[in-house]
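Descriptive structure summary
What follows is each chain in one-letter form.
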Amino acid sequence: MIKITIFAYGRLKEYFPEKTDLAVSENSSLKDILITFSRSSEDGGSLIFDCSGHLRRNLIVQLNQKRVLNSSIHSVLPKDGDEIIIYPPVSGG
């Protein structure tokens, strides 16, 4: 098992803690980890994945402060101590 920390920002903070520590198996992909995380909130999970199981296109995901393309989350394997940041794009005026 490895320990991963997930930070949720923006609207996601309404449904998830700002900081969550998860213990996951070593071979978990970033998508596997985000699925586990999304299930920790009954109402918030639909903000992360659509009904087809795809990561919502409006979300930005970073691993150790480097952006991960949504199309790559299934092939990225985080390591022990890594940090994941997930948030919607920032808007305003």
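Before reading further, recall that the structure is shown in the block above.
What you see is a predicted model; the values in this text were computed from it and never measured.

Re the packing of aromatic side chains
- Counted according to the given criterion, the structure contains two aromatic pairs.
- The interplanar angle of 5° and the centroid separation of 6.4 Å between the aromatic rings of F7 and Y9 together place this pair among those described as stacked.
- Under the relative-accessibility criterion, Y9 is labelled partly exposed at 29%.
- Residues F16 and F37 carry aromatic rings whose centres are separated by 4.5 Å and whose planes lie at 25° to one another, so their mutual orientation is stacked. With F16 in the loop between strand 1 (2-8) and strand 2 (19-24) and F37 in helix 1 (residues 30-38), the pair connects residues that are 21 residues apart, well separated along the chain.

Description of the pattern of salt bridges
- In this structure the tally under the stated criterion is one salt bridge.
- With a closest N to O distance of 3.9 Å, K13 and E18 form a salt bridge.
- Exposure remark for E18: the relative accessible area of 40% places this residue in the partly exposed category.

Concerning the pairing of strand 5 (residues 83-87)
- Along strand 5, four of the five residues are buried, which leaves the element largely enclosed by surrounding structure.
- Relative to strand 5, strand 3 (residues 60-63) runs antiparallel, the two being bridged by four bridges. Counted as the bridge partner of Q62 is I85 from strand 5.

A closer look at the side chain of S41
- Within the fold, S41 resides in the loop between helix 1 and helix 2 (45-48).
- Not counting residues up to four positions away in its chain, the partners in contact with S41 are Y15 and F16.

Structural notes on the pairing of strand 2
- Where burial is concerned, the two faces of strand 2 differ: the one with T20, L22 and V24 is buried and the one with K19, D21 and A23 is not.
- As paired elements, strand 1 and strand 2 share six bridges and run antiparallel to each other. Paired with I2 across the strands is V24, a residue of strand 2.

So, helix 1
- By the burial criterion, the buried members of helix 1 are L30, I33, L34, F37 and S38. The arc enclosing the buried residues of helix 1, seen along the axis, measures out at 135°, which places them on a common side.
- Check the buried side of helix 1 and you find it contacts strand 1, strand 2, helix 2, strand 3, strand 4 (66-68) and strand 5.

The rules behind these values
- Residues numbered from 1 in each chain as written.
- Predicted model: local features only at pLDDT ≥ 70, side-chain atom pairs only at ≥ 80, totals over all residues.
- Heavy atoms only, no water.
- Phe/Tyr/Trp six-rings, centres within 6.5 Å; stacked < 30°, edge-to-face > 60°.
- Buried < 20%, exposed > 50% of the residue type's maximum accessible area, 1.4 Å probe, protein only.
- Helix = DSSP H or I, 4+ residues; strand = E, 2+ residues; numbered from the N terminus.
- Salt bridge = Lys/Arg side-chain N within 4 Å of Asp/Glu carboxyl O.
- Pairing = 2+ DSSP bridges.
- Contact = heavy atoms within 4.5 Å.
- Arc of directions from axis to C-beta.

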